[in-house]
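# Understanding the architecture of this molecule
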Amino acid sequence: MLPPAARLAARRLLGLATSSASESAAARRLSRSPISYAAAGCSSRLFSTALNYHLDSPENNPDMPWEFTEANMKKVNEILSHYPSNYKQSGIIPMLDLAQQQHGGWVPVAAMNAIAKIVEVAPIRVYEVATFYTMFNRTKVGKYHLLVCGTTPCMIRGSREIEEALLEHLGVKRNEVTSDGLFSVGEMECMGCCVNAPMIAVADYSKGSEGYTYNYYEDLTPKRVVEIVEMLKRGETPPRGTQHPERKNCGPAGGNTTLHADMRRQW
Amino acid sequence: MAFFARAIRHSSPYLRSRAPPPPAVAASCRWISPTAAAGSPEAGAAVAPADPETPPPREPVGGARVELPSNPEDALEVFVDGHAVRIPKGFTVLQACEVAGVDIPRFCYHSRLSIAGNCRMCLVEVEKSPKPVASCAMPALPGMKIKTNTPVAKKAREGVMEFLLMNHPLDCPICDQGGECDLQDQSMAFGADRGRFTEMKRSVVDKNLGPLVKTVMTRCIQCTRCVRFASEVAGVQDLGMLGRGSGEEIGTYVEKLMTSELSGNVIDICPVGALTSKPFAFKARNWELKGTETIDVTDAVGSNIRVDSRGPEVMRIVPRLNEDINEEWISDKTRFCYDGLKRQRLNDPMIRGTDGRFKAVTWRDALAVVAEVLQQVKPEEITGVAGKLSDAESMMALKDFVNKMGSDKVLCEGNGPSPPADLRSNYLMNTSIAGLEKADVFLLVGTQPRVEAAMVNARIRKTVRATQAKVAYIGPPTDFNYDHEHLGTGPQTLVEIAEGRHPFCSTLQSAKNPVIIAGAGLFDREDQDALFSTIETVAKKFNVVRPDWNGLNVLLLHAAQAAALDLGLVANPTESIKSTKFLYLMGADDVDLDKVPDDAFVVYQGHHGDKAVYRANVILPSSAFSEKEGTYENTEGCTQWTIPAVPTVGDARDDWKILRALSEVAGAQLPYDSLSGVRDRISMVAPNLVHVDEREPCTISSEVKPPVKQQVSSTPFKTVVENFYMTDAITRASKIMAQCSATLLKK
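Residues numbered from 1 in each chain as written. Chains lettered and ligands numbered in written order. Predicted model: local features only at pLDDT ≥ 70, side-chain atom pairs only at ≥ 80, totals over all residues. Heavy atoms only, no water.

Chain B carries the name NADH dehydrogenase [ubiquinone] iron-sulfur protein 1, mitochondrial in an unreviewed UniProt entry, which gives Oryza barthii as its organism. Its UniProt record gives chain B the following Sequence similarities (unreviewed entry) comment, quoted word for word: "Belongs to the complex I 75 kDa subunit family." (UniProt positions renumbered as here; feature names shortened; annotations may be inferred.)

Within an unreviewed UniProt entry, the label attached to chain A reads NADH dehydrogenase [ubiquinone] flavoprotein 2, mitochondrial, and the organism entered is Oryza glumipatula. Recorded under Cofactor (unreviewed entry), the UniProt text for chain A is reproduced unchanged: "[2Fe-2S] cluster".

### Side note on the overall build of chain A
Counting secondary structure elements, chain A contains 11 helices and 5 strands. For chain A, the residues scored as buried account for 42% of the 267 residues in total. Here the contacts in chain A between residues at least 6 apart in sequence split such that 63% fall between residues at least 24 apart. With the model as given, the accessible surface of chain A reaches about 15,100 Å², and the carbon-plus-sulfur share is 56%. (Helix = DSSP H or I, 4+ residues; strand = E, 2+ residues; numbered from the N terminus. Buried < 20%, exposed > 50% of the residue type's maximum accessible area, 1.4 Å probe, protein only. Contact = heavy atoms within 4.5 Å. Areas by Shrake-Rupley, 256 points an atom, 1.4 Å probe, with all protein chains shown as cover.)

### Describing the overall build of chain B
The helix and strand tally for chain B stands at 22 helices and 30 strands. By the compact-globule yardstick of 27 Å for 747 residues, chain B fits well, its C-alpha radius of gyration being 28 Å. Principal axes of the C-alpha set define a box for chain B whose edges measure 85 × 60 × 55 Å. Residues counted as buried form 61% of the 747 residues belonging to chain B. Within chain B, contacts between residues separated by at least 24 positions form 70% of all contacts whose residues are at least 6 apart in sequence. (Rg over C-alpha atoms; globule rule 2.2 N^0.38 Å.)

### Looking at the pattern of salt bridges
Residues and elements named next belong to chain B. Taken as a whole and assessed by the stated rule, the structure comprises 55 salt bridges over all chains. Among the ionic pairs, Glu-313 bridges to Lys-342, the shortest N-O distance being 3.4 Å. Of the two residues, Glu-313 is situated in strand 14 (residues 313-319) and Lys-342 in the loop between helix 9 (332-336) and strand 15 (350-352); the sequence distance between them amounts to 29 residues. Looking at Glu-313, the relative accessible area reads 33%, which means it is partly exposed. Taking relative accessible area as the criterion, Lys-342 reaches 37% and is therefore assigned partly exposed. With its nearest N and O atoms 2.5 Å apart, the salt bridge here joins Arg-459 to Glu-437. (Salt bridge = Lys/Arg side-chain N within 4 Å of Asp/Glu carboxyl O.)

### A look at the sheet that holds strand 7 (residues 145-147) of chain B
Residues and elements named next belong to chain B. Here we have 5 strands laid out as an open sheet, ordered 4-3-7-5-6, and mixed in their pairing. Single-partner strands in this sheet number two, and they are strand 4 (83-88) and strand 6 (133-134). Of the pairings in the sheet, the one linking strand 5 (residues 123-126) to strand 7 comprises 2 bridges and is antiparallel in character. Bridge pairing links Val-126 to Ile-146 in strand 7. Along the sheet, helix 5 (residues 151-166) contacts strand 5 and strand 7; its crossing angle with strand 5, the most-contacted strand, is approximately 155°. (Pairing = 2+ DSSP bridges. Axes fitted to C-alpha atoms, helices over the stretch in contact; angles between N-to-C directions.)

### What about the packing of helix 9 (residues 159-170) of chain A against helix 10 (residues 222-233) of chain A?
All names here are of chain A. Viewed as axis vectors pointing N to C, helix 9 and helix 10 meet at an angle of 40°, and their least axial separation amounts to 9 Å. In terms of orientation, helix 9 lies oblique with respect to helix 10. Handedness of the crossing formed by helix 9 with helix 10: right-handed. The segment helix 9 lies against helix 10, with Glu-161, Ile-162, Ala-165, Leu-166, His-169 and Leu-170 engaging Pro-222, Val-225, Val-226, Val-229 and Glu-230. Taken together, the residues of the contact of helix 9 with helix 10 sort by class into 8 nonpolar, 1 polar and 2 charged. (Parallel < 35°, antiparallel > 145°, perpendicular 65-115°, else oblique. Left-handed = near helix turned anticlockwise from the far one by under 90°. Nonpolar A, V, L, I, M, F, W, Y, C, P; charged D, E, K, R; others polar.)

### Examining the packing of helix 10 (residues 363-376) of chain B against helix 19 (residues 655-665) of chain B
All names here are of chain B. Remark: helix 10 packs on helix 19, axes separated minimally by 9 Å, with the N-to-C direction vectors making an angle of 60°. One element, helix 10, and the other, helix 19, form an angle in the oblique class. Handedness of the helix 10/helix 19 crossing: right-handed. Contacts between helix 10 and helix 19 involve Trp-363, Leu-367, Ala-368, Val-370 and Ala-371 from the first element and Ile-658, Ala-661, Leu-662 and Val-665 from the second. Looking at the contact of helix 10 with helix 19 residue by residue, the class counts come to 9 nonpolar, no polar and no charged.

### Quick look at the interface of chain B and chain A
Listed per partner, the contact involves 24 residues of chain B and 25 residues of chain A. Interface area, chain B with chain A, both sides summed: about 2,100 Å², of which 59% is carbon and sulfur. On the chain B side of the contact with chain A, Met-200, Arg-244 and Tyr-253 of chain B bury the most area, a combined 36% of that side's loss. Seen at the junction of chain B and chain A, the total is 0 salt bridges. Viewed at the interface, chain A and chain B are joined by 9 residue pairs in polar contact (both at pLDDT 80 or more). Sorting the residues of the side of chain B that touches chain A by element identifies helix 7 (225-234), strand 9 (240-242) and strand 10 (249-251) of chain B as the ones contributing at least two each. Examining the composition of the side of chain B that touches chain A, we find that 3 residues originate from one element, strand 9 of chain B, more than from any other. Residue composition of the side of chain B that touches chain A, by class: 8 nonpolar, 9 polar and 7 charged. (Buried area = accessible area lost by both parts, 1.4 Å probe. Polar contact = N/O pair within 3.5 Å; in protein donor to acceptor, adjacent residues only side chain to side chain.)

### Re the domain arrangement of chain B
All names here are of chain B. In terms of domain boundaries, chain B breaks down into domain 1 (2-50), domain 2 (61-165), domain 3 (167-277), domain 4 (289-342), domain 5 (350-421 + 561-695) and domain 6 (429-555). The centre of domain 4, based on its C-alpha atoms, is set 29 Å off from the matching centre of domain 6. At the junction of the two partners, domain 4 supplies 11 residues and domain 6 supplies 9 residues. Taking both partners together, domain 4 and domain 6 bury about 760 Å²; carbon and sulfur atoms supply 58% of that area. Where domain 4 packs against domain 6, one counts 2 salt bridges. Here domain 4 and domain 6 share 3 residue pairs in polar contact (both at pLDDT 80 or more) between them. A breakdown of the residues in the side of domain 4 that touches domain 6 according to their chemical character gives 4 nonpolar, 3 polar and 4 charged. (Domains from an automatic or database assignment.)

### Things to note about empty space enclosed by the protein
All names here are of chain B. Across all of its chains, the model carries 6 cavities of 30 Å³ or more by this definition. As a volume, the largest cavity reaches approximately 120 Å³. Lining the largest cavity are 19 residues; nearest its centre among them are Leu-389, Ser-390, Met-586, Gly-587 and His-607. Within the residue set of the lining of the largest cavity, elements represented by two or more residues are strand 27 (601-606) and helix 21 (729-733). Among the elements that line the lining of the largest cavity, the one with the most residues is strand 27, at 3 residues. Residue classes in the lining of the largest cavity are distributed as 4 nonpolar, 7 polar and 8 charged. (1 Å grid on protein atoms, 1.4 Å probe; cavity = no way out; pocket = protein on both sides within 12 Å on 5 of 7 lines; lining within 4 Å. Points joined across faces, edges and corners; volume = space filled by probe spheres on them.)

### Regarding the sheet that holds strand 13 (residues 304-310) of chain B
Residue and element names in this part refer to chain B. Read across the open sheet, the 3 strands follow the order 12-13-14; overall the sheet is antiparallel. Bordering the open sheet on either side are strand 12 (290-295) and strand 14, each of which pairs with just one other strand. On average, each strand axis in the sheet is inclined to that of its neighbour by 30°, with strand direction left out of account. Alignment of strand 12 against strand 13, held across 6 bridges, turns out to be antiparallel. When the bridges of strand 13 are listed, Gly-291 appears paired with Asp-308.

### Description of the confidence of the model for chain B
All names here are of chain B. Of all residues in chain B, 91% have pLDDT values of 70 or greater, and the mean over the chain is 89. pLDDT under 50 marks residues 1-50. Its contacts with residues more than four places away, or in other chains, come to 93 contacts. Our summary of model confidence lists the complex with pTM equal to 0.86 and ipTM equal to 0.85. (pLDDT = per-residue confidence, 0-100.)

### Digging into helix 22 (residues 735-744) of chain B
Residue and element names in this part refer to chain B. If you check which residues of helix 22 are buried, you get Ile-736, Met-737, Cys-740, Ser-741 and Leu-744. In a view along the axis of helix 22, the buried residues occupy a sector of 140°, so they form one face of it. On its buried face, helix 22 sits against helix 9 and helix 21. N-cap assignment for helix 22: the residue whose side-chain oxygen lies 3.3 Å from the backbone N of Ile-736 is Ser-734. (Arc of directions from axis to C-beta.)

### So, the domain arrangement of chain A
Residues and elements named next belong to chain A. The domain boundaries assigned to chain A delineate domain 1 (48-132) and domain 2 (144-242). Computed over C-alpha atoms only, the centres of domain 1 and domain 2 are separated by 26 Å. Each partner contributes residues to the interface: domain 1 has 9 residues there, and domain 2 has 6 residues. The contact between domain 1 and domain 2 buries some 570 Å² in all, and 50% of this surface belongs to carbon and sulfur atoms. Our enumeration of links across domain 1 and domain 2 arrives at 0 salt bridges. There are 2 residue pairs in polar contact (both at pLDDT 80 or more) connecting domain 1 and domain 2. Of the residues contributing to the side of domain 1 that touches domain 2, the split by class is 1 nonpolar, 7 polar and 1 charged.

Structure, rendered in structure tokens:
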């Protein structure tokens, strides 16, 4: 077991157990002290990753049996066939991705151990990879994992409002799963959609690794993002890509205004 | 001291120190400056000659010697701060600077570990390079013009230092690394006088790595030395770098203790106070300690150590560089057994009264009692047993004394019923520990080097990692931290190999430098003569012993064993002890005390109240290895001295002095009164024991041995060392070792 300090830190980082009331009280107390800026900086300091260590729980512990399904085992062999037999560890990332799809959007420590066995490395080498990449969730997520881009272009275009709207609508905190287990909201860094900022990515784990999709929803407004969530809740598939009614892909609203002519003739 | 002394140690095998620097010199080397050759750049300029064309060659860092390859094409010339230096091909820029006498600051670089290049502290300017270059990871190219003292290089280091200190806590006053901290030293020498970081520092949860290593992970600067040490040298893949960016931390992810017999070394390689010694925590400051350069006696390797003491107390033990024996590592047993030196000690001579209780007496009374008993027993009933920690001087005195009393029953524990003392090559590691690196096939017979001699095991692992050498093992299933082939558990497998029937023969046949290592546990077997003759057959068959290569080895278990065999302490223990009426145990605790006749008079001369004290009639307190000058011969036949670091406890005396005094009281005075007198006597019996730090090759080959008629038995080999952490009186008295046995050994 980890020491109590570790548990406390864990809870803080996940933002789970500390009630908002006590938090704001603490903030008020601190604001009187001269280091309030620093303290505010601390509490608002965001970590892109979750905890860097594992906490045993009934649903996530090393003693849990875990293996790839038969269908996924074929994919594993396919992944391994891409690499020389003495560089099996190159397959860690695709295998973690596969394990995440199979396990409903997150990788338990037992799955990492299983992968370590397949690629014949020490488990810690898989843990290192899994903790490095923020796309690997090491705690439970919803069936639809909503990832709000928080990088500068999206932030300028209002990604914070998007996230607030999502959190408020779903009644959860960041990285928390809704009570029906359907949704969770996370943050990620730039996905290269800046031209259609702000955007979210929706990882759909509801249909296992066979029906797994990872769709972008772009040009969002707080209102539209709630609509998308509602559609997902009803089991519909909202149209992916830009949500701006007048835009097509990354083109301007109302159609192209320049470069109509055939480029070859210009030259 | 840490930075400069480590810089000396960091020198690669090419850069060997001439000799371990004496403490005074090392202390004077504490001055750190960007230019190691002179205190300040101005001073460096002042001593520079008037002729700018040919500046004089500078001395390498730490007086290291550079071995240039014999082929001149394999050497190249670079310029460091304008000074031309010749270096072997494949050196990095950092090594080239070291050869030129410029000490480059570094955190992540360690010459015995792989190059990570992630601390960026070693940035230097290289002409025609657009950016400063991380010198530890950059290979030196011919004609490269390296500048270590330019504004660019200085500013780069300052910037790196500012980033490193950004998240580093300001708890130096309560940090155990304070005073020997690389970060502290280098920020003084290379850092800026202020930082610009005003946010909150980050904090990291501490990890529990077991009873030996204390972690304060907030101090960690992510140099990954410990991760690389664990996976490369120690061979335990437990530590890793978790997370990314500012959340990055060293850890095990799942709760796991570091179960390596070398784990204590991460304390030394950690450049900051993130990994420190748990038993030493808050006990002393390093500048209060007196360092004594001595050797370790807890196993037969004779690792070079520095005993740090404060007043009469040993505070800690740290390794000393010796490329030929322990490189710069030591095992956890060596490092942490020191608290055993303070517990269970025998202070006064004691006599067991009629009520069975010990009573403290004066030396005069104790010796008189022993001498009186000696007069009453027949000479052939006298037996002397030397313990596993005995030094050569006391064993010499014990042998001379027992012989003078008219008995030849004097032996050393652990050497078995018929010690193979006739030929030195039959009980030594003839390849030498450093020589193992040239081997390509290892055959381990009845030995588990990981627990018997952790440093030898580290050397084998190094070889296996570097050259993919194959390791085959005959013995009970055991833990290895490298790939090995388990051929079998008993002598039959060995016979099969000797007769060429085993599939492993083809591997041995194709080996260039095969090595056979037989464990000293075989000495205790009834069929040891037959076993060793079988091993010699294997050696002959596969050309293991050649004029240019001797791969036939015995790995001894105890510090006293080799010297005892050299000095001829070779009586048969079972017979001698069964028939004895006067048993003189000189620190011998592992003799079979049940076999001692009830009416025998047992004298226990030793430093710890261990097993044998329960049977003793008289106790004569002696000094431990940290308190006396003694000669020890390690498993490869290298003679080394211990140096007294602390005074003895109570009324204890050196072993040989007690025997000398007793001999006088008993009327058979030994003819030496001083340490040099004993050593003169030793030089008559075994001259190699007075040639310190030398290995004398065995001149007589094993072919002169008479043929053996014995048959090998089918009994499988046994595990010799059951508990790595507790093997002798000192380690059995140690609390830390008891904790280790409780938590780290596999149940």
